[in-house]
Amino acid sequence: MARGSALVSARVAAMHGYTPGEQPVGGRLIKLNTNENPYPCSPLVVQAIADEAHRLQLYPSPNADALRVKAGAVYGVAPEQVLVGNGSDELLAMILRGCVLDGEAVAYSVPTYSLYRTLADSVGARVIEVAADGTAIPSALAAARARVTFVCTPNSPTGRAVPLDAVAAFARDAEGVVVVDEAYGDFAASSALSILADHPNMVVTRSFSKSFSLAGLRLGLAFGHADFIGELLKVKDSYNVSRLAIAAGVAALDDYAWMQSNVARVRATRVRVTARLRAAGFGVEDSHANFVWVDCARVGGGRTVYDRLRAAGVLVRYFDTDGLRDGMRASIGTDEQMDVMLGVLEG
Amino acid sequence: MAGPRIPERIRSLQPYKPGRPIEEVERELGIHGSIKVASNENPLGPSPRALEALLRALPGIHRYPDGGAVVLAEKLAARLGVEPARIVFGNGSNEILELSCRLFAGPGDEVLFSSDAFLVYPLVSIAAGATPVKAPPRGFEHDLEAIAARLTPRTRVVFLANPNNPTGTIFRRREWERFLALVPEDVCVVLDEAYCEYVEDPEYPCGIDFLDRHPGLVVARTFSKIYGLAGLRIGYGVGSAAVMDGLARLRQPFNVSLLAQVAAAAALDDDAHMEASRQRVRASRRRWSEACAELGLDFVPSHANFVLVEVGSGKTVTEALLQLGVIVRPMDAYGFTEHVRITFGTEAEDERAIAALKVVVSEMHG
Ligand SMILES: Cc1ncc(COP(=O)(O)O)c(C=O)c1O
Ligand SMILES: Cc1ncc(COP(=O)(O)O)c(C=O)c1O
């Protein structure tokens, strides 16, 4: 009999699936490894989900119309400029499926969100990775003339951000699609949404997983020009977003202040944690996101620190990847959670 | 400044026109109190256990779900009698259909299905860059021989729906076994069993029993129909571990929400709800046969939770029913211009739809 792997296209057989951060079962660990929000979502969201749960036998709105309208109003764009996804991951995948043919280039600077590689491989793209520090867009990225370029800002895992004028200059000269991944945008000082109108080739993606405390729900938004979003709708699964996610998304945007107050708390903790880590001798970047990148080279590297924290019941993210082995990424939890981590690292 | 270039195959795609939610239709028409018997949903709703589990999980919603849906996979695997590694969950079974097609077919490849089959098959084929190939049906049924006759060396995927949507017909074990023997081992057969739980025919072949006969078999199932969770988006594929591994690489790492996972797991435990849902459909099937006979309308005997009724002009009747607050689905997109598809409802919904159809039919003839 033919082996199943012989059935699969060579493209898929050669792919490495994305490795997500561990989701431990049971609640004893302090989980600082997947950049979730430690604070709960708005009570309005909980109420909206509970209300909508009584209509679960019915298919959702195919394009999540209510959320498109709400997001359009909140972010100052037309509803037709909004695409709603099953997490922003799905939106990134949809953009590649819609725009990239076999062998065409997808580019981004590294280190960055490792899913880009998986997604690009899955559409058979030619991947161009350019090493960069994440505070600017390297000229090699412009020279790559890729069909799609990902600009992750604030970037993961470093927390660095690219200044808006650099994003604008890059998009102005780019021929292909420029995807500005703002999964952590609410924790940063600026957003490319403010320059979207000037760039027909720009798409800005946003997530409800981080600032809105809704990672388990799977909800993201992409903003672009209406005709481009209209084309992407064609590659969307017919009902890609659940009823609960649509209702929750509307409620979350209704209670925008709730999100902002959680973001303010996370930022305050971020400042405090950064200072304490620096005082303890760690190299820590100024982060624009809800996590910090901690240089652990002087204390045996990222793996050693990961293991030490893990033994103490604190889960952070270690990347076994070139250029990242010296450090580890810690999500910003509550002050109490961070004190446990700091206690281990300062000791 | 030029906008981004979209490949021609995407630009020319006609997106699937899904049934719209009742809220949208009512808003547009300025009506309310209508009933929707158009999208093959379960009128009884989901199991109360599913809702309870979902509400209980809400405090954990700020965390990512388990990307591998391990708890649910183990539970479902035990029910189905397969290894958990042979199951992959999708954001609806729609996603399983799409991923299976993308996994195996690309430009230059052919994807084969019956011309009366679910409209998502041609769409996912075209989106993957492959060439859709249609085989003619036999009456209102898939003609597996005609499908097999169209296999070529370029065929990578065959989609079969059993029961089929929108006809509600099935193919039986003998025909299926003969077909499977004709399909080369390196061709993926996606057996779409979205409505399998409603089938009561003793000769109905359960796809899962055939996994070891064909290494490229993917059985696609859903929680949208009998489990009453269409709004939540969760379905699954069952196949060889190698093929499932391929699907898992293509899917998003967190494609199924936390709430969908816990609700589906709880729904699996509620046998009474499943039985009640079957009972309801059985009663509706009987009632609609009587009603069609009484109205002198031909219909296609259905093994699923809906019925295809020949009404003359599907479009006219759909619009007339809408004016009476009954939402059904016209079928011209499937080439059935003379039919409407009516989903089985609660007893009250059935009666209201039948009464409305009576009015419309007598007006047309009067
Ligand atoms: C840079 C970046 N983009 C996107 C995502 C995915 O977010 P979502 O949960 O909306 O799919 C993540 C999640 O970790 C991320 O780090
Ligand atoms: C034959 C068939 N397959 C698959 C589906 C998709 O179901 P879902 O994506 O909700 O699981 C449907 C829905 O109508 C269907 O009729």
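Residues numbered from 1 in each chain as written. Chains lettered and ligands numbered in written order. Predicted model: local features only at pLDDT ≥ 70, side-chain atom pairs only at ≥ 80, totals over all residues. Heavy atoms only, no water.

Draft legend 1. Local environment of the overall build of chain B. On a plain count of helices and strands, chain B comes out with 13 helices and 13 strands. For 366 residues, the compact-globule formula gives about 21 Å, and the C-alpha radius of gyration of chain B, at 21 Å, lands near that figure. Principal-axis analysis of the C-alpha atoms places the extent of chain B at approximately 60 × 60 × 50 Å. In chain B, which comprises 366 residues, the share counted as buried stands at 63%. Contacts in chain B between residues at least 24 apart in sequence constitute 74% of all its contacts with a sequence separation of at least 6. Summed over all atoms, the accessible surface of chain B reaches about 13500 Å², with 52% contributed by carbon and sulfur. The average position of the 40 basic charges and that of the 47 acidic charges among the side chains of chain B differ by 4 Å. (Helix = DSSP H or I, 4+ residues; strand = E, 2+ residues; numbered from the N terminus. Rg over C-alpha atoms; globule rule 2.2 N^0.38 Å. Buried < 20%, exposed > 50% of the residue type's maximum accessible area, 1.4 Å probe, protein only. Contact = heavy atoms within 4.5 Å. Areas by Shrake-Rupley, 256 points an atom, 1.4 Å probe, with all protein chains shown as cover. Lys, Arg positive; Asp, Glu negative; His and termini not counted. Charge placed at Lys NZ, Arg CZ, Asp CG, Glu CD.)

Draft legend 2. Quick peek at the overall build of chain A. Check the secondary structure of chain A and you find 13 helices and twelve strands. For a compact globule of 347 residues, the expected C-alpha radius of gyration is about 20 Å, and chain A comes in at 20 Å, within 12% of that figure. Oriented by its inertia axes, the alpha-carbon framework of chain A measures out at about 55 × 55 × 50 Å. Expressed as a percentage of its 347 residues, the buried residues of chain A come to 64%.

Draft legend 3. How the structure looks around the domain arrangement of chain B. Residues and elements named next belong to chain B. Segmentation of chain B into domains returns domain 1 (16-45 + 272-364) and domain 2 (48-268). Taking only C-alpha atoms, the centre of domain 1 and the centre of domain 2 are 25 Å apart. Taken together, the contact pairs 27 residues of domain 1 with 27 residues of domain 2. Surface buried jointly by domain 1 and domain 2 totals about 2300 Å² across both partners, of which 65% is contributed by carbon and sulfur atoms. Counting every contact that joins domain 1 to domain 2 gives one salt bridge. (Domains from an automatic or database assignment. Buried area = accessible area lost by both parts, 1.4 Å probe. Salt bridge = Lys/Arg side-chain N within 4 Å of Asp/Glu carboxyl O.)

Draft legend 4. Local environment of helix α6 (residues 120-127) of chain B. The buried fraction of α6 of chain B is high, at six of eight residues. Two residues or fewer past α6 of chain B, Gly129 of chain B is found with a positive phi of approximately 85 degrees.

Draft legend 5. Representation of the site of ligand 2 within the structure. Ligand 2 sits among 13 residues. The nearest are Tyr59 of chain A together with Asn165, Asp192, Thr222 and Ser224 of chain B. Ligand 2 is flanked by residues contributed from chains A and B. Side-chain polar atom of Arg233 of chain B to an oxygen atom of ligand 2: 2.9 Å apart, as the coordinates give it. Computed on the free molecule, ligand 2 has an accessible area of 400 Å², of which 95% lies beneath the protein chains in the complex. Structurally, ligand 2 is housed in the largest cavity. (Near = heavy atom within 4 Å. Polar contact = N/O pair within 3.5 Å; in protein donor to acceptor, adjacent residues only side chain to side chain. 1 Å grid on protein atoms, 1.4 Å probe; cavity = no way out; pocket = protein on both sides within 12 Å on 5 of 7 lines; lining within 4 Å. Sits in = over half its atoms within 2 Å of the grid points.)

Draft legend 6. The pairing of strand β6 (residues 177-181) of chain A, seen in detail. Residues and elements named next belong to chain A. The buried fraction of β6 amounts to five of the five residues, a majority that puts the element mostly inside the structure. Here β6 shows no split at all, with Val177, Val179 and Asp181 on one side and Val178 and Val180 on the other all buried. Across five bridges, the pairing between strand β5 (residues 148-152) and β6 is parallel. By the bridge assignment, Phe150 is partnered in β6 with Val179. In this region the chain leaves β5, passes through helix α8 (residues 164-173) and returns to the parallel neighbour β6; the handedness of that crossover is right-handed. In this structure, β6 lies alongside strand β7 (residues 202-207), joined through four bridges in parallel fashion. For Val179, the partnering residue across the bridge sits in β7 and is Val203. (Pairing = 2+ DSSP bridges. Right-handed = clockwise from strand over helix to strand, strands pointing away.)

Draft legend 7. Focus on the sheet that holds strand β9 (residues 283-284) of chain A. Residues and elements named next belong to chain A. Read across the open sheet, the three strands follow the order β9-β10-β12; overall the sheet is antiparallel. On the outer flanks of this sheet lie β9 and β12 (327-331), each paired with one strand and no other. Where strand β10 (residues 291-295) lies against β12, five bridges are found, and the strand directions are antiparallel. Paired with Val294 across the two strands is Met328, which belongs to β12. Lying on the sheet, helix α11 (residues 256-279) is in contact with β9 and β10; it crosses β10 at an angle near 10 degrees. (Axes fitted to C-alpha atoms, helices over the stretch in contact; angles between N-to-C directions.)

Draft legend 8. Structural detail: the packing of aromatic side chains. Residues and elements named next belong to chain A. As enumerated under the stated definition, the model contains 23 aromatic pairs over all chains in all. Consider the rings of Tyr108 and Phe150, whose centres lie 6.5 Å apart with planes at 55 degrees: the pair is tilted. In this pair, Tyr108 sits in strand β3 (residues 105-110) while Phe150 sits in strand β5, placing the two residues 42 residues apart along the sequence. In this structure Phe150 comes out as buried when scored by relative accessible area, which is 2%. Each residue in the set Tyr75, Phe208, Phe212, Phe223 and Tyr256 is aromatic and connected to the rest through ring pairs, giving one cluster. Over the aromatic face of Tyr39 sits the side chain of Arg265, whose NZ or CZ is 3.7 Å from the ring centroid. Lying over the aromatic face of Phe291, Arg329 brings its terminal NZ or CZ to 5.5 Å of the ring centre. (Phe/Tyr/Trp six-rings, centres within 6.5 Å; stacked < 30°, edge-to-face > 60°. Lys NZ or Arg CZ within 6 Å of the ring centre and 35° of its normal.)

Draft legend 9. Summary view of the site of ligand 1. The local shell around ligand 1 holds 13 residues, among which Asp181, Tyr184, Ser207 and Ser209 of chain A together with Tyr64 of chain B are the closest. Chains contributing residues near ligand 1 are chains A and B. At 2.7 Å, a side-chain N or O of Asp181 of chain A approaches a nitrogen atom of ligand 1. Take Arg218 of chain A: an N or O atom from its side chain is 2.8 Å from an oxygen atom of ligand 1. Out of a free accessible area of 400 Å², ligand 1 has 96% covered by protein chains. Taken together, the residues of the shell around ligand 1 break down into five nonpolar, four polar and four charged. (Nonpolar A, V, L, I, M, F, W, Y, C, P; charged D, E, K, R; others polar.)

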